[in-house]
Structure formats: C-alpha cells, structure tokens
Amino acid sequence: DFISDILLISLAVEPPLILVPGILATDVALRTLCEALGKAGCGLLELEPGELQAEHRPALTEGGPLGTEAEIYIYDTLPGGAGFAQRVGNLGLRVFVEALRILESCPDDCDRSCYRCLRSYKNRLEHEMLDRHLGASLLRYLIYGSVPKPEGKRLDQSTDMLFEDLMRQRSGRYAFERN
C-alpha cells in the first residue's frame, strides 16, 4: 500500500473524439498527457522532477468503457503525501496550459518525444508511448474545444510507414499501391 494525496481529473470527449480503453492511440494520448501534466505541475510548483506523477484509467462511469470519459490522477510520490496534488488542483486551468506549452515547444523540435521535453529515466519503459503531437491535440481539444486535424507531414509519414509495413507482410493475395 502507498498512501498519498491524489488529484482526480475527469476528462470528457465527444465524437469525433473517442478515448476507447485498450486502444493504442488512447493509451499514447493519455500517457503523454499524464507525463506533461506531471512535468507542468512540478514546474509551476517549483518541485523536483518526479515529486508528482500521473496515471490514467477509463472513467468509472458509463462513459468510461465507451471512450467518452477518462480519468487522470495526479499523486504525490512522498509517502503520506505532501499536499502537492492538492496544490496542482488549485492551479486549475493554468496547469493544463503549461502542459500544452511543454508539448508544443520542445527545444529540439522532436517528432514524438525526447529527453528535452517528455522523456526521463523514470519513464524509460514508456518512451514508445509518448507522442507530444498527439497529446497536444487532445489537450487543445480539452482546453479550447478544437477538434484535432491530422498534420500533413505527419500524416504522410504515417501513411508511408503503413504502406511499407503492408508491402513487407504481403501474402500474394492482395496488391498494394501508394497514392
């Protein structure tokens, strides 16, 4: 058992957005959002990195399994809690805006994540689950209501990767053409 302070944040989305539990895109978006919110909270409260951490889960409501609601919980890493999670809650929207700034302004302008924006030794096993662009799209939707649109360059790169994967796995039953 680990007793600590926790801040529970409920997120709600509407079509065309959906956060279906167990889907890779959902896990990547929410994992990224957790890392950004933890980093934003530590920065705004002038804490050492890692004194706040965040996790996510489907909401424990009817909308959770349907992908219309999710929850992020931010917690103090000090046993018994130090009140940091509550202080993040008092920051309100400010912590979300700071998390969005972190996601949108990587000093190295990396493609998905790097040690200058989101990666750390602590999350080393989750580096493949971090995508600052996907996280920023979700956060912009949550803050401003703007529906995410695929970026041209990233969409082309993803399409190229999918095409190459299909070509590698072709069985002879199907033919694939790009464009």
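Starting afresh in each chain, residues are numbered from 1 along the sequence in its written order. Given that this is a predicted model, residues contribute local features only at a pLDDT of at least 70 and side-chain atom pairs are listed and counted only at 80 or more, while totals for whole chains, interfaces and linings are drawn from all residues. To obtain the side-chain values, all non-hydrogen atoms of the structure were included, while hydrogens and water were left out.

K.L.:
Which residues make up unusual backbone geometry, and what are the values?
P.N.:
Among all residues except glycine, the phi angle is most often negative; among peptide bonds, the trans geometry is most common. At the junction of Pro15 and Pro16, the peptide bond is cis and its omega measures out at 20° in the coordinates. Strands here are runs of E lasting at least two residues and helices are runs of H or I lasting at least four, both read from the DSSP assignment and numbered beginning at the N terminus. Following the sequence through the fold, Pro16 ends up in the loop between β1 (6–12) and α1 (24–44). Positive phi values are uncommon outside glycine, yet Glu46 reaches one of about 55°. As for its position among the elements, Glu46 is in the loop between α1 and β2 (52–58).

K.L.:
Residue-level account of a nonpolar patch on the surface, with values.
P.N.:
Grouping into patches uses exposed residues only, defined as over 30% relative accessible area, and leaves out salt-bridged ones; the cut-off is 9 Å for like charges and 5 Å for nonpolar side chains (Val, Leu, Ile, Met, Phe, Trp, Tyr). To measure how exposed things are, a 1.4 Å probe is used in the Shrake-Rupley method; for residues, cover is taken only from the protein chains shown. A carboxyl oxygen of Asp or Glu within 4 Å of a side-chain nitrogen of Lys or Arg is what we treat as a salt bridge. A cluster of nonpolar side chains, contributed by Leu162, Leu166, Tyr174 and Phe176, occupies part of the molecular surface with about 370 Å² of accessible area. With respect to the helices and strands, the residue Tyr174 is situated in the segment after α6 (152–169).

K.L.:
How would you explain the packing of aromatic side chains if you had to name every residue and give the values?
P.N.:
Between rings of Phe, Tyr and Trp, where Trp is taken as its six-membered ring, a pair exists when centres lie within 6.5 Å; planes separated by under 30 degrees are stacked, by over 60 edge-to-face, and by other angles tilted. Taken as a whole and judged by the stated rule, the model has one aromatic pair. Here, over-ring charges are defined by two tests on the NZ atom of lysine or the CZ atom of arginine: distance to the ring centre within 6 Å, and angle to the ring normal within 35 degrees. Arg124 extends its terminal NZ or CZ atom over the ring of Tyr121, reaching a point 4.0 Å from the ring centre.

K.L.:
Talk me through the side chain of Asn123; I want residue IDs and the actual numbers.
P.N.:
Considering the arrangement of structural elements, one finds Asn123 in the loop between α4 (93–104) and α5 (132–144). In this structure the side chain of Asn123 is engaged in a polar contact, spanning 2.9 Å, whose partner is the side chain of His127. Whenever two N or O atoms come within 3.5 Å, that pair is a polar contact, provided that in protein one can donate a hydrogen and the other can accept it, and provided that, for residues adjacent in sequence, both atoms are side-chain atoms.

K.L.:
Explain the packing of α4 against α5 to me, using residue names and the numbers behind them.
P.N.:
Contact geometry for α4 and α5: axes closest at 9 Å, N-to-C directions at 150°. Overall, the two elements α4 and α5 adopt an arrangement that is roughly antiparallel. In terms of crossing hand, the pair formed by α4 and α5 is left-handed. Contacts between α4 and α5 involve Leu93, Phe96, Val97, Ala99, Leu100, Leu103 and Glu104 on the former and, on the latter, Arg132, Gly135, Ala136, Leu139, Arg140, Ile143 and Tyr144. Polar here means any residue outside two lists: the nonpolar Ala, Val, Leu, Ile, Met, Phe, Trp, Tyr, Cys and Pro, and the charged Asp, Glu, Lys and Arg; Gly therefore counts as polar. Taken together, the residues of the contact of α4 with α5 break down into ten nonpolar, one polar and three charged. In this analysis an axis means a line fitted to C-alpha atoms, helices contributing only their contacting stretch, and an angle means the value between N-to-C directions, from 0 to 180 degrees. Roughly parallel here means an angle under 35 degrees, roughly antiparallel means over 145, roughly perpendicular means 65 to 115, and every remaining angle is called oblique. Definitions for this section: a left-handed crossing has its near helix turned counterclockwise from the far helix by less than a right angle. A right-handed crossing has that turn clockwise. By definition, residues are in contact when any of their heavy atoms lie within 4.5 Å.

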